[in-house]
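# Chain and residue survey
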Amino acid sequence: MKKILVFVDTLNEGGVSKVLVDFIENIDKKKYDITVMSLYNMGPYISTIKKHVKYKYCFNLPNDSDQSMRAYLYRKFWGGMLKLPERFMYRWFVKEKYDIEVAFMHGWSTKFISASPNKKSKKVAWVHADLITWDRVDGIFKNIEHHKRAYSKFDKVICVSNIVKKGIEAKYEVKNAQVIYNPLNKDRILQQSLEEVNEFSVKASNFNIISVGRLSYEKGYDRLLSAFNKLIRDGLKCNLWIVGSGEEYTTLNNYILANGLDNYVKLLGFKDNPYKYMRNSDLFVCSSRSEGFSLVIAEAMVIGIPIVSVDCPGPNELLDFGKYGLLVENNEEELYRGLKEIIKNKDMCKYYQSKSNERSRFFSLDDFTNDVDCIFSEI
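Not measured: the values here are computed from a predicted model. (Residues numbered from 1 in each chain as written. Predicted model: local features only at pLDDT ≥ 70, side-chain atom pairs only at ≥ 80, totals over all residues. Heavy atoms only, no water.)

## Observations regarding the overall build of the protein
- When helices and strands are tallied, the protein shows 16 helices and 13 strands.
- The C-alpha atoms of the protein give 21 Å as radius of gyration, which agrees with the globular expectation for 379 residues (21 Å, within 12%).
- Each of the three principal axes of the protein carries a C-alpha extent, and together these read 65 × 50 × 40 Å.
- Out of the 379 residues in the protein, the part that is buried amounts to 55%.
- Counted over contacts in the protein with a minimum sequence separation of 6, partners at least 24 positions apart contribute 68%.
- Counting only carbon and sulfur atoms, one obtains 48% of the accessible surface of the protein, whose full area is about 17200 Å².
- Taking the average place of the 56 positive charges on the side chains of the protein and the average place of its 48 negative ones, the gap between the two points comes to 5 Å. (Helix = DSSP H or I, 4+ residues; strand = E, 2+ residues; numbered from the N terminus. Rg over C-alpha atoms; globule rule 2.2 N^0.38 Å. Buried < 20%, exposed > 50% of the residue type's maximum accessible area, 1.4 Å probe, protein only. Contact = heavy atoms within 4.5 Å. Areas by Shrake-Rupley, 256 points an atom, 1.4 Å probe, with all protein chains shown as cover. Lys, Arg positive; Asp, Glu negative; His and termini not counted. Charge placed at Lys NZ, Arg CZ, Asp CG, Glu CD.)

## Remarks on the sheet that holds strand S7 (residues 177–179)
- Pairing is parallel in the open sheet, where seven strands are placed in the order S3-S2-S1-S4-S5-S6-S7. Edge positions in the open sheet fall to strand S3 (54–59) and S7, since each of these has one partner strand only. On average, each strand axis in the sheet is tilted by 20° relative to the strand beside it, whichever way the strands run.
- Of the pairings in the sheet, the one linking strand S6 (residues 156–159) to S7 comprises three bridges and is parallel in character. Each residue of the ladder has a partner; that of isoleucine 158, found in S7, is glutamine 178.
- Against the sheet, helix H7 (residues 162–172) engages strand S5 (122–127), S6 and S7, with an angle of about 170° to S7. (Pairing = 2+ DSSP bridges. Axes fitted to C-alpha atoms, helices over the stretch in contact; angles between N-to-C directions.)

## Let's talk about the side chain of histidine 146
- One can find histidine 146 in helix H6 (residues 144–152).
- Side chain to side chain, histidine 146 and glutamate 86 meet in a polar contact 2.8 Å long.
- Setting aside chain neighbours within four positions, we find histidine 146 in contact with Glu86, Lys111 and Phe141. (Polar contact = N/O pair within 3.5 Å; in protein donor to acceptor, adjacent residues only side chain to side chain.)

## Section: the side chain of lysine 276
- Position of lysine 276 relative to the elements: it lies in helix H11 (residues 275–279).
- Buried charge without a salt bridge: lysine 276, with glutamate 195 as the nearest opposite-charge side chain at an N-O distance of 4.2 Å.
- Look past the residues within four positions of lysine 276 in its chain and what remains in contact with it is Gln192, Ser193, Glu195, Glu196, Val197 and Glu199. (Salt bridge = Lys/Arg side-chain N within 4 Å of Asp/Glu carboxyl O.)

## A closer look at helix H14 (residues 332–344)
- Here H14 contains 13 residues, and its C-alpha end-to-end distance of 18 Å stays within 8% of the 18 Å for a straight helix at 1.5 Å per residue.
- Within H14, burial applies to Leu335, Tyr336, Gly338, Leu339, Ile342 and Ile343. Looking straight down H14, one finds its buried side chains confined to an arc of 165°; they lie on one side.
- Contact partners of the buried residues in H14: strand S8 (207–212), helix H9 (221–233), strand S11 (283–286), strand S12 (307–310), strand S13 (326–328) and helix H15 (346–360).
- Capping the start of H14, asparagine 331 holds a side-chain oxygen 3.2 Å from the backbone nitrogen of glutamate 333, two or three residues further along. (Expected span 1.5 Å × (residues − 1). Arc of directions from axis to C-beta.)

## Description of the pairing of strand S2 (residues 32–40)
- A large share of S2 lies buried, amounting to eight of its nine residues.
- What joins strand S1 (residues 2–8) to S2 is helix H1 (residues 15–26), and the crossover it makes is right-handed.
- Inspection of the sheet shows S2 paired to S3 by five bridges, in the parallel sense. Bridge pairing in S3 places serine 38 opposite tyrosine 57. (Right-handed = clockwise from strand over helix to strand, strands pointing away.)

## Considering the pairing of S5
- With respect to burial, S5 is a largely interior element, five of its six residues being buried.
- Pairing geometry for strand S4 (residues 100–103) and S5, over four bridges, is parallel. In the sheet register, valine 102 faces S5, and the bridge partner there is valine 124.
- Crossover handedness for the path S4 to helix H5 (residues 108–114) to S5: right-handed.
- As paired elements, S5 and S6 share four bridges and run parallel to each other.

## Brief notes about the environment of valine 174
- Along the chain, the position of valine 174 falls in the loop between H7 and S7.
- Separated by 19 residues in the primary sequence, valine 174 and aspartate 155 place their C-alpha atoms 10 Å from one another.
- Those residues in contact with valine 174 that lie beyond four places of it in its chain are Tyr151, Val157, Ile168 and Glu169.

## Looking at a positive patch on the surface
- A contiguous patch of positive charge, built from Arg87, Arg91, Lys97, Lys119, Lys120, Lys142, Arg149 and Lys153, is present on the exposed surface.
- Along the polypeptide, arginine 87 turns up in helix H4 (residues 86–93). (Patch = residues over 30% accessible without salt bridge, like charges linked within 9 Å, V, L, I, M, F, W, Y side chains within 5 Å.)

## Observations concerning the pattern of salt bridges
- Evaluated as defined, the whole model comprises 23 salt bridges.
- Across the salt bridge formed by glutamate 96 and lysine 3, the nearest N and O atoms sit 2.8 Å from each other. Highlighted residues: glutamate 96 in the loop between H4 and S4 and lysine 3 in strand S1, separated in sequence by 93 residues.
- On the accessibility criterion, glutamate 96 (32% relative accessible area) is partly exposed.
- Here lysine 54 ties to aspartate 33 by a salt bridge, and the two come within 2.5 Å at their closest N and O atoms. Taken together, the positions of lysine 54 in strand S3 and aspartate 33 in strand S2 put the pair 21 residues apart, joining distant regions of the chain.
- Note on lysine 54: relative accessible area 38%, which makes it partly exposed.
- What emerges from the salt-bridge pattern is a single network uniting Lys230, Glu332, Glu333, Glu334 and Arg337.

Here it is in C-alpha cells:
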C-alpha cells in the first residue's frame, strides 16, 4: 500500500476543495493510505475529509474571541512564519515519509511540497488556475526563477484544462504536464438539486439568474452587479442569486443597498448544497476575470440550465468557445448585453439549455479516478 500526502492551503469553500473531496471519497483506500494536510485548519470540508482519511494541519487559526497569548503571537507573527524557507517549514510540520506527495493547489502548496527532502517520494502538482492571467501566486515565491525551480521538482504536473497546461508550459517551462478535467459526482448533484428552497419564495414569474463562487475580486461580482443593475433599469423582471462568501461581501452588499437592488439580489452566503438553487434558476452566469476550469459551470450543466460566461480561460474551453453556452467578451458592457439578449430571447435560452444537457455527458467521475490512479501507479 502506497502512502500518500496530499497538501492543500485550506479546505474552504470553492472548486478546489470540492474536487479534493471527490478525489478522497472515490480513490481506492485498499491501494493507498492517504493523509490530507492543510496549511490552515479552516474550511467546511474538514469534517468530510476526516470521515475518509487522516487529516493534519500546520496552523490552527484562532477565533476572533480568542485573546490568549498564543493567539496574539499568531496574529502578530504568522506572516513572518510563511516567509521562512520552505524546507524549514516542511521539516517542521511533516514528520513521516511518504511514497507520493501531492501539492493539490498552485502557490503555497506547490512551494511546500517542492521542499520535501524525501528523494524517494514521487511528487505531483495540481494546477487549478490560469497562472498567466491570475499571477498573484508568483508573489509567494522570491521570483519567477524560484517558481520554475519549484515545478522542476515534480514528477508530474496535473492541469485542469488545456489553457492551464499551455500557460504553465510557457511561463514555467514545465515539461511533464497532463490535463485531467475536474470530476463531477452527477448522481449526488442531481439528488441534492431536488431539495426544496425554504429561505425565500421562488417567483416563477421572474427570470432567475444564479452565480456560485467565492466573493473575491477575480470572480467579477462587482461587474455582475453593475450589469444586473442596468437590466433592472431597463425594466426587465429578473432576480439575481449569488451563492458564496468572501472578502468582497461588504462591498457588494453596500452596492446592492445604494442602488436599491435589495428586492432583486440575494447574497446567500456559503451553502453546502448550491444545487437546489441552481435547479430553481433559469440561467447560470460566470463573470470571472480569471478561471482555470470553473467547476460550477460544469455542475450547472449537469442540472441542465443554460450558461452565460465571459470569455476567459477555463470557461471558454468548457463551453467549447461558444458551442455549449453564450460566451461574451470579458468586460461589464458585453456581460450586460449577453444577459439582456438571452433573457429576452426564450428560444435562445431553450437552445443553450439543451446544449448544457448535451455537454454534461462529457464529465465523468470514473474517468477522473482512473486517470489519477494510473498516474499514482506509474510514477
